[in-house]
Amino acid sequence: MGNVEVHDLAPVRADERKELNLSRRVNYKQYLKHMNGTTHDRCLTEIPWGIRDAISLYERMDASFNAIQDLPVEIPLRLPHLNFLDLSHNRLTSLPESFGLLFHLKTLLLKHNHLSKLPNSFTHLVKLEKVDLSNNGLRELPEAVGEMESLSKLNVAYNKLKTLPPSLGQSEVLLVLLANNNRLESPSQSLCDEGSDVTIDFLKKQWKVSTNYKPKSPKTSNEFPRQRGNQLNSSVSNPHSAHAQYIQSQTHTTNTPSRIKTPLLPPLDASRLQSDDLRDKIIGMLYGAAIGDALGIATRWMSPDECNFHYVAECLSYSDIVQDEHRVRWKKGDWTDNMDQLILVLDCILAWAGVVDELDFAQRLCNWVKHGFPELGDSEGHMHSPTIEKVLAEVDFLKDPHTAAARVISQYSTVSPCKAPTGIDHVNNNGDVHANGDNSVQHNPTKSLLKVETVIDDIGTDNGSLARCLILGIPYFHEISEVESNAGRICRATHNDPRCVASCVLISVVISLILQGRHDLHCPDSVEDLLQTAIGKAKKHLTDVSEKQKKEFMTAVNLCHLENLKPREKGKATHVLKALSAGLIVLRETSMDFKTAVTKLVMSAGDSCSNACVAGALLGCKVGYAHLPRAWVEGLRKRQVDWLNIKINLMLDMMGIP
């Protein structure tokens, strides 16, 4: 049923009428200005009169990043069907008493306003499940807030609360309660700063002591079904005919295609996979990496409580990614520098008919740092790696990147731990990074902004080179020695530490072995055989490291369970071995599907972009594009996807794959 459009807002189609979007899209610099109180001319200062004068059937409303100071009392009457309301980053000082009449409201986001209290009617919102009231000026909460029958997630961090209502202890549905950085006396602030589980447990015990409370049987949670992606159709109607054509093109018994057009055509018997399966795994690797990278933005550097508050693990989506100082740099469904660097290497392959040259990559990397990808609307590259920052500053980087990278390692090898780059406020005991301010640094040889935010013990061992080498397992997948050589040279262009080189060689060889199709990826013993072959190739690059470092490497590559990954490990969250371990673990856990594995890595936070990118690539190559979750494939930014698809098709053409 559509809306009755009698207000003066721009008309919308019937299929768009479920959501009213009044928010203002901001970039990082605009975000900082908004946080400092500088109001943009385009900011709304009140809800438009068109909304106040008409009844609309919108179910969602987003008016974030404006300067709205108050809400009209008639809001519940004009928007009676709202179940989602985002008024974060405004100037609200109070909510009208009529607010409690929004009976259908399930999600309410009010962070970064100026609220000092909530109306008494607030507790009448019986369907309200998630509330974000962080970064306001709240001095008290309604006493009956714990009696709200659906409230499962409550964030009141960074307020001026002195007490939490005891009724919160009686709630049977409250799962996440963030109350850090208040002025709490009961419970004590120090206790609440320990996290959600500790706070809720204390409140429950306090409630049981003070009442004759008897718990009811726990409710079972619903399981969200996994969604599948579209089947990739063959270029001809009969897949077997396509495979026959592919085999013919690999032999000299018929007129072979011009080697100029298919310079990467693999020889006959290079793979035991059908051509459709080979294509599906190649595309699956690239999309798996993109999905992991884009979803990983959601939780990167968050605390466990923040992850659980903001997201529901069973239904992670790009649209739910919160917009804060860290995440505002990316549009929802976009990926980070992990995929950007992978695409830079892919561009090298396409430009030079499969030849991989570190000088060409170095030039492309410099251009990307200065301008990003202009065809996607970028103005600069956003980099996470402090190692790359240091290497690019070397004057001879474009002429001899290997020497420049080696020099950086020798210069910083005695400095440990590395100081957090400009803009990093602090690292907590879990290794979580909290940004504060602009992370821009000047970079030589060009005047550009290189934004870096990461913390690691040693310059030279972060994961900045790992994801880009995934693509190198594809062009010469049938020649492991060529794969090994290419991965080593591209890695050393910025990361000359042997552990980085060994890691890049390992993952690229794993991709190659999967594409050869000689291992049963659903059999644990066969997967282990594949991995040990790749590990054997990688170990050859560890001759110049200490026994301690060799042992550390072998421990990392032989981890078998995600519970042992420790993604928030202090000083090691961005270490190359962390992301490497994440990828190898999910391959070993053969019973874990793509969605489950990526979800677990994302919800574990740490450097979730890199961890999920590498793991997503390996699992995507294993299961193929056709079996990636449909919602995650379709949720990627269309502009980026269309651009990537052109490059994928060019590579497939060069490989002669139908």
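Up top is the structure these notes are about.
Residues numbered from 1 in each chain as written. Predicted model: local features only at pLDDT ≥ 70, side-chain atom pairs only at ≥ 80, totals over all residues. Heavy atoms only, no water.

K.L.:
Provide a residue-level description of the overall build of the chain, including the pertinent values.
P.N.:
On a plain count of helices and strands, the chain comes out with 21 helices and 11 strands. In the chain, which comprises 658 residues, the share counted as buried stands at 57%. In the chain, the share of contacts with a sequence separation of at least 24, taken over all contacts with a separation of at least 6, comes to 65%. For the chain, the exposed surface amounts to about 27900 Å²; the carbon and sulfur share of it is 50%. (Helix = DSSP H or I, 4+ residues; strand = E, 2+ residues; numbered from the N terminus. Buried < 20%, exposed > 50% of the residue type's maximum accessible area, 1.4 Å probe, protein only. Contact = heavy atoms within 4.5 Å. Areas by Shrake-Rupley, 256 points an atom, 1.4 Å probe, with all protein chains shown as cover.)

K.L.:
Which residues make up the packing of aromatic side chains, and what values do they have?
P.N.:
Inspection of every chain in the model, using the stated rule, returns 4 aromatic pairs. For the ring pair Tyr-287 and Tyr-625, a centre distance of 5.0 Å and an interplane angle of 70° mean the geometry is edge-to-face. One end of the pair, Tyr-287, is in helix H7 (residues 275-296); the other, Tyr-625, is in the loop between helix H19 (608-623) and helix H20 (630-635), and 338 residues separate them in sequence. Looking at Arg-60, its charged tip hangs above the ring of Phe-84, at a distance of 3.9 Å from the centre. Over the ring of Tyr-28 we find Arg-329; its NZ or CZ atom is 3.9 Å from the centre of that ring. (Phe/Tyr/Trp six-rings, centres within 6.5 Å; stacked < 30°, edge-to-face > 60°. Lys NZ or Arg CZ within 6 Å of the ring centre and 35° of its normal.)

K.L.:
Describe the packing of H7 against helix H21 (residues 638-655), with residues and values.
P.N.:
The interhelical angle for the contact between H7 and H21, taken along N-to-C directions, is 145°, at an axis separation of 11 Å. Here the hand of the crossing between H7 and H21 comes out right-handed. From H7, Arg-279, Ile-282, Ile-283, Leu-286 and Tyr-287 reach across to H21, where they touch Val-641, Asn-645, Ile-648, Met-651, Leu-652 and Met-655. Split by residue class, the contact of H7 with H21 holds 9 nonpolar, 1 polar and 1 charged. (Axes fitted to C-alpha atoms, helices over the stretch in contact; angles between N-to-C directions. Left-handed = near helix turned anticlockwise from the far one by under 90°. Nonpolar A, V, L, I, M, F, W, Y, C, P; charged D, E, K, R; others polar.)

K.L.:
Tell me about a positive patch on the surface, and name the residues and values.
P.N.:
Residues Arg-25, Lys-331, Lys-332 and Arg-639 make up a contiguous surface patch of positive charge. Following the sequence through the fold, Arg-25 ends up in the loop between strand E1 (19-21) and helix H1 (28-35). Owing to a relative accessible area of 43%, Arg-25 belongs among the partly exposed residues under this scheme. (Patch = residues over 30% accessible without salt bridge, like charges linked within 9 Å, V, L, I, M, F, W, Y side chains within 5 Å. Salt bridge = Lys/Arg side-chain N within 4 Å of Asp/Glu carboxyl O. Lys, Arg positive; Asp, Glu negative; His and termini not counted. Charge placed at Lys NZ, Arg CZ, Asp CG, Glu CD.)

K.L.:
If you had to explain the nonpolar core to someone new, which residues and values would you point to?
P.N.:
In terms of nonpolar packing, the biggest core is built from 135 residues, with Ile-471 and Leu-506 touching the most fellow members. If you look at the next biggest cluster of nonpolar residues, it comprises 46 residues, including Leu-85, Leu-133, Val-156 and Leu-164. (Core = buried A, V, L, I, M, F, W, Y, C linked by side-chain atoms within 4.5 Å.)

K.L.:
Kindly report on the sheet that holds strand E5 (residues 130-132), identifying the contributing residues and their values.
P.N.:
Here 7 strands make up an open sheet; going across it, the order is E1-E2-E3-E4-E5-E6-E7 and the pairing parallel. Sheet topology places E1 and strand E7 (176-178) at the edges, where each strand pairs with a single neighbour. Between one strand axis and the next, the sheet turns by 5° as a mean value, whatever way the strands run. (Pairing = 2+ DSSP bridges.)

K.L.:
Lay out the side chain of Ser-196 with the relevant residues and their values.
P.N.:
Inspection of the secondary structure assignment puts Ser-196 in helix H5 (residues 196-210). Overall, the relative accessible area of 1% leaves Ser-196 in the buried class. Once you skip the residues sitting within four places of it in the chain, Ser-196 turns out to touch Leu-175, Val-176, Leu-177 and Asp-305.

K.L.:
Pulling in residues and values, what's your account of the pattern of salt bridges?
P.N.:
Pairing of side chains with opposite charge becomes possible as their charged atoms draw close. Going through the model one piece at a time under the given rule, you end up with 19 salt bridges. Across the pair Asp-347 and Lys-647 runs a salt bridge, and its minimum N-O distance is 2.8 Å. Remark: Lys-647 occurs in helix H21 and Asp-347 occurs in helix H9 (residues 337-351); sequence separation between them is 300 residues. By the burial criterion, Asp-347 is buried, and Lys-647 matches it.

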